[in-house]
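# Coordinate inspection notes
For reference, the chains in residue letters:
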Amino acid sequence: SKVVAPEDLSTYTPLRVGSVSSRLHVPFVGKVETLRMFLNEMFRGIRESIDTTSTAKEDGGEEGVVTFVMHGGQVKVIAGKTKGVATVEWDCSSVGDVIADSIVALIMHAQSSAASIRLTSQACGHRSKKPREGEEEEETDDPEKTTEEHLRALHDALV
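Structural notes, computed from the coordinates. The model shown is predicted, which means the values in this text are computed figures rather than measured ones.

## Quick look at the sheet that holds strand β4 (residues 75-82)
With antiparallel pairing, five strands are arranged side by side in an open sheet as β1-β5-β4-β3-β2. What marks the edges here is a single partner per strand, and that holds for β1 (21-27) and β2 (47-51). Here the average twist between neighbouring strands, direction ignored, is 20°. As judged from the seven bridges shared by β1 and strand β5 (residues 85-91), these two strands associate in the antiparallel manner. Each bridged residue has a counterpart across the sheet, and for Val26 the counterpart in β5 is Ala86. Here helix α2 (residues 32-42) sits on the sheet and contacts β2, β3 (65-70) and β4; the angle it forms with β3, its principal contact strand, is near 10°. Where helix α3 (residues 94-110) meets the sheet, it contacts β1, β3, β4 and β5, and its direction lies at approximately 170° from that of β5.

## Section: unusual backbone geometry
Although it is not a glycine, His71 adopts a positive phi angle of roughly 55°. When you line up the elements, His71 lands in the loop between β3 and β4.

## What to know about the pattern of salt bridges
If you walk through the whole model with that rule in mind, you get two salt bridges. Residue Glu89 is joined to Arg23 by a salt bridge in which the shortest nitrogen-to-oxygen separation is 2.9 Å. In this pair, Glu89 is assigned in strand β5 and Arg23 in strand β1, connecting sequence segments 66 residues apart. Residue Arg36 is joined to Glu48 by a salt bridge in which the shortest nitrogen-to-oxygen separation is 2.8 Å. Highlighted residues: Arg36 in helix α2 and Glu48 in strand β2, separated in sequence by twelve residues. Relative accessible area serves as the criterion here: at 36%, Glu48 is assigned to the partly exposed category.

Parameters and conventions
Residues numbered from 1 in each chain as written. Predicted model: local features only at pLDDT ≥ 70, side-chain atom pairs only at ≥ 80, totals over all residues. Heavy atoms only, no water. Pairing = 2+ DSSP bridges. Helix = DSSP H or I, 4+ residues; strand = E, 2+ residues; numbered from the N terminus. Axes fitted to C-alpha atoms, helices over the stretch in contact; angles between N-to-C directions. Contact = heavy atoms within 4.5 Å. Salt bridge = Lys/Arg side-chain N within 4 Å of Asp/Glu carboxyl O. Buried < 20%, exposed > 50% of the residue type's maximum accessible area, 1.4 Å probe, protein only.

This is the structure we're talking about:
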């Protein structure tokens, strides 16, 4: 048995060097900025590119197709190309597989965590309740008080 460099493999043996890449479509109905926040919290050195000329923007995508590139280009996350789907692409290796696996878990967590719900939710425009007979109507012109009430309601709903 001999040790041969990968570039010399075809010269000394009938073997060839190949690579395997994988692509996984993960359901994701959240916003791209939520995904961006979660990826930046977990990984360093993420490069981001936005393709605004894509047809996804015409289909309701806010930013177009956003591609996040990690680990020297070995792992990519593409959001906005297909509605409701984030695509994870990676070159198969021990490191690439681990990173891709953690990204899939992160994408699934990003759309269901309490933090993402708080980031993407909006207060409803209707009044919460009408005053009963004999009760006086409260003035809610103070935006800080209204915000506090919404946060308390959100906290109660999540707990």
